[in-house]
Amino acid sequence: MGENDFDVVVIGAGPGGRNVARPLAEAGMRVAIVERELVGGECPFWACIPSKALLRPPEVRSEARAAAGVGVPELEWEEARRYRDYMVSDFDDSAKAQSLEKAGIEVVRGDARFLGRGRVEVAERVLAADRVVIATGSTTAVPPIEGVESVDYWTNREATALKEVPASVAVVGGGPVAVELGQMLRRFGSEVTLIEREKGLLSREDEQVGKTVAAALEAEEIRLMLGSEVTSVTRSDVGVRVTVDGKQELEAEKLVLAAGRKPRLDGLGLEAVGIEAGKKGIEIDERCRAADGVWAIGDVTGVAQFTHVASYQAQIAAGDILGRDVRADYRAVPRVVFCDPEVAAVGLTQEQAQQQGVKLASATVDLSRADRAETYGRDLQGHLTLLADRDSATLVGASAVGPLAGEWIHMLVLAIKARVPVATLRDTIYQFPTFAELVQAGVRELEV
């Protein structure tokens, strides 16, 4: 074996790549991890961490408005920006790289390309290994808008790394990224127009979720153009002129593209290892195997584009490489949108349950059913919806809108994962007063 030989080569040093590399190195394997940008990937530098750091200050202000006896604090953009820069380590990945190296993992910088089975080329160096894990993540999908390449548009990267808040923005999209960025920019002072081709926001969730969020955004004077499509964009004196549905025009200082993401596969040379990726990404089995000697994890698989799914798949792939009997189970994947009010969901939506032929029972309870809501603030909007399978008398899905929904949804994540009977959830003692009491109210109304 030559000096460049490893037991495993991991392509991509985001959450998935790092979480698969560490347990393999701890097990005594020789591991190399390849990264062409920053070690840590999208999440800590351009996505989850900076966006949540910027969402939090105006969220505190919103909470103060709702709470009795509290003055409304002023937002200080420069302080918020400096804290964002601290959270992203000023885009310095040296600490993350050193952490991997201390774990015995060799960090290799550059673009990776398969030369054949077990051979990966990086910056004129060939890394040889019997096992390769692809964890290259995803990138913003640029919609086919006439003129889009001629304007200075933002993706999530520019929007979360901004130095100054633009006077106005046009956001293309109505999913989690569009909603979060649109609300954040509005709360820091931008005039925001959000243009979504679907008829509602967060269209992958149940309809009521999108309606509740839409009402909240409109109350903050965010202009929603739902069921509309951007047909062309051109430069203007303001910044960009946007044409919607071929006739209606608006101008904004910045155009933000947040209409979805696509797997990052460019230049990998997948054909050299017999992989033909589809539109959603690399197809994998329940052990995250993509081909003989090749595993794929995270956004690049198209299973679910979440950091926590990438980390979970890393656990599966590492276990399989180490010879353990592991299989992925995506039945209870939590989904959270960190807008205000917060959105959380898990399992099937009503439409998905019906498509799968589930004999469905459902119950929706308003946020006001939890006394915690009244103590938390005035006029809070939200609800909890529970979906159950009548045959098994277990939950198959849930969605919640309200304060800290991303925290208390995890009780339902566990209930769906472990197939906890609805009868057990009914017989559980719930702490008073908490938002979790909504679960108690909901299961009491389920007709199973």
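Right, let's walk through the structure included here. Note that the coordinates shown come from a computational prediction; the quantities given were computed from them, not determined experimentally.

### Examining the sheet that holds strand 20 (residues 360-366)
- Sheet architecture is open: 5 strands sit in the order 18-19-22-21-20, paired in antiparallel fashion. Looking at the sheet topology across the chains shown, the edges are occupied by strand 18 (334-337) and strand 20. Averaged over neighbouring strand pairs, the angle between their axes works out to 15 degrees when direction is ignored.
- Relative to strand 22 (residues 394-401), strand 21 (residues 383-389) is paired through 7 bridges, and the arrangement is antiparallel. Note on strand 22: the bridge partner recorded for Leu-386 is Ala-398.
- Contacting strand 20 and strand 21, helix 15 (residues 437-445) crosses the sheet at an angle of about 140 degrees to strand 20.

### Some remarks on the pattern of salt bridges
- Applying the stated criterion to the full structure yields 39 salt bridges.
- Lys-417 is the partner of Asp-329 in a salt bridge, and the nearest nitrogen-oxygen pair spans 3.1 Å. Taken together, the positions of Asp-329 in the loop between helix 9 (307-321) and strand 18 and Lys-417 in helix 13 (residues 410-417) put the pair 88 residues apart, joining distant regions of the chain.
- On the basis of relative accessibility, which here comes to 36%, the residue Lys-417 falls in the partly exposed class.

### Let's talk about the packing of helix 3 (residues 48-66) against helix 7 (residues 176-187)
- Running from amino to carboxyl end, helix 3 crosses helix 7 at an angle of 55 degrees, the nearest separation of the two axes being 9 Å. Taken together, the axes of helix 3 and helix 7 lie oblique to each other. With respect to the hand of their crossing, helix 3 and helix 7 are arranged in left-handed fashion. Seen from helix 3, the contacting residues are Ser-51, Lys-52, Leu-54, Leu-55, Pro-58, Glu-59 and Ser-62; seen from helix 7, they are Glu-180, Met-184 and Arg-187.
- Broken down by class, the residue content of the contact of helix 3 with helix 7 amounts to 4 nonpolar, 2 polar and 4 charged.

### Concerning the packing of helix 3 against helix 4 (residues 77-87)
- Interhelical geometry of helix 3 versus helix 4 gives an angle of 155 degrees and a closest axis separation of 9 Å. What the angle tells us is that helix 3 and helix 4 run roughly antiparallel. In the crossing of helix 3 with helix 4, the sense of the turn from one axis to the other is right-handed. The segment helix 3 lies against helix 4, with Ile-49, Pro-50, Ala-53, Leu-54 and Pro-57 engaging Trp-77, Ala-80, Tyr-83, Arg-84 and Met-87.
- For the contact of helix 3 with helix 4, the per-class residue count stands at 9 nonpolar, no polar and 1 charged.

### Some remarks on the layout of surface pockets
- Of the volumes computed, that of the second largest pocket is approximately 960 Å³.
- Around the second largest pocket, the lining is made up of 34 residues, and of these Ser-62, Glu-63, Arg-187, Asp-340 and Pro-341 lie nearest the centre.
- For the lining of the second largest pocket, the secondary-structure elements that each account for two or more residues are helix 3, helix 7 and helix 8 (207-219).
- At 10 residues, the largest contribution of residues to the lining of the second largest pocket is made by helix 3.
- Tallied by class, the residues present in the lining of the second largest pocket amount to 15 nonpolar, 4 polar and 15 charged.

### Remarks on the sheet that holds strand 12 (residues 240-244)
- Taken together, 3 strands build an open sheet; the order of strands is 11-12-13 and the sheet is antiparallel. Looking at the sheet topology across the chains shown, the edges are occupied by strand 11 (230-235) and strand 13 (248-252). For this sheet, the mean inter-axis angle between neighbouring strands, taken without regard to orientation, is 20 degrees.
- Where strand 12 lies against strand 13, 5 bridges are found, and the strand directions are antiparallel. Looking across to strand 13, one finds that Thr-243 is bridged to Glu-249.

### Topic: the pairing of strand 9 (residues 191-196)
- Across the 6 residues of strand 9, 5 count as buried, placing the element largely inside the fold.
- Looking at chain direction, strand 8 (residues 168-172) and strand 9 are connected through 5 bridges and run parallel. Bridging from a neighbouring strand, Val-169 pairs with Val-192 of strand 9.
- Examined bridge by bridge, strand 9 and strand 10 (residues 223-226) share 4 bridges and lie parallel to one another. Directly across from Ile-195, in strand 10, lies its bridge partner Met-225.
- One crossover worth recording links strand 9 to the parallel strand 10 by way of helix 8, and it is right-handed.

### Focus on the nonpolar core
- Grouped together as the largest cluster of nonpolar side chains are 51 residues, with contacts concentrated most on Val-9, Val-20, Val-31, Phe-114, Ile-134 and Ile-282.
- One finds Val-365, Ala-415, Tyr-430 and Leu-446 within the second-largest nonpolar core, a separate group that totals 32 residues.

### Digging into the pairing of strand 8
- Extensive coverage of strand 8 is indicated by the burial of 5 of its 5 residues.
- Taking every second residue as pointing to the same face, both faces of strand 8 are buried, with Ser-168, Ala-170 and Val-172 on one and Val-169 and Val-171 on the other.
- In terms of handedness, the path from strand 8 via helix 7 over to strand 9 forms a crossover that is right-handed.
- As paired elements, strand 8 and strand 14 (residues 254-257) share 4 bridges and run parallel to each other. When the sheet's bridge partners are listed, Val-171 is paired in strand 14 with Val-256.

### Some details on the packing of aromatic side chains
- Across all of its chains, the model carries 8 aromatic pairs by this definition.
- Taking the centre distance of 5.9 Å and the plane angle of 55 degrees together, the rings of Phe-45 and Trp-46 count as tilted.
- Residue classification places Phe-45 among the buried positions, given a relative accessible area of 1%.
- When the ring of Tyr-83 is compared with that of Tyr-86, the centres are 5.6 Å apart and the planes differ by 40 degrees; the resulting orientation is tilted. Placement of both Tyr-83 and Tyr-86 in helix 4 is noted, with a separation of 3 residues, approximately one turn of the helix.
- Residue Tyr-83 is classed as partly exposed on the basis of its relative accessible area of 45%.
- In textbook terms, an aromatic cluster arises when at least three aromatic residues are bridged by ring pairs, as seen for Phe-45, Trp-46 and Phe-91.

### Quick notes on the side chain of Ser-399
- By the element assignment, Ser-399 lies in strand 22.
- In contact with Ser-399, other than residues within four places in its own chain, are Asp-206, Val-209, Ala-344, Ala-345, His-383, Leu-384 and Thr-385.

Rules used in this analysis
Residues numbered from 1 in each chain as written. Predicted model: local features only at pLDDT ≥ 70, side-chain atom pairs only at ≥ 80, totals over all residues. Heavy atoms only, no water. Pairing = 2+ DSSP bridges. Helix = DSSP H or I, 4+ residues; strand = E, 2+ residues; numbered from the N terminus. Axes fitted to C-alpha atoms, helices over the stretch in contact; angles between N-to-C directions. Contact = heavy atoms within 4.5 Å. Salt bridge = Lys/Arg side-chain N within 4 Å of Asp/Glu carboxyl O. Buried < 20%, exposed > 50% of the residue type's maximum accessible area, 1.4 Å probe, protein only. Parallel < 35°, antiparallel > 145°, perpendicular 65-115°, else oblique. Left-handed = near helix turned anticlockwise from the far one by under 90°. Nonpolar A, V, L, I, M, F, W, Y, C, P; charged D, E, K, R; others polar. 1 Å grid on protein atoms, 1.4 Å probe; cavity = no way out; pocket = protein on both sides within 12 Å on 5 of 7 lines; lining within 4 Å. Points joined across faces, edges and corners; volume = space filled by probe spheres on them. Right-handed = clockwise from strand over helix to strand, strands pointing away. Core = buried A, V, L, I, M, F, W, Y, C linked by side-chain atoms within 4.5 Å. Phe/Tyr/Trp six-rings, centres within 6.5 Å; stacked < 30°, edge-to-face > 60°.

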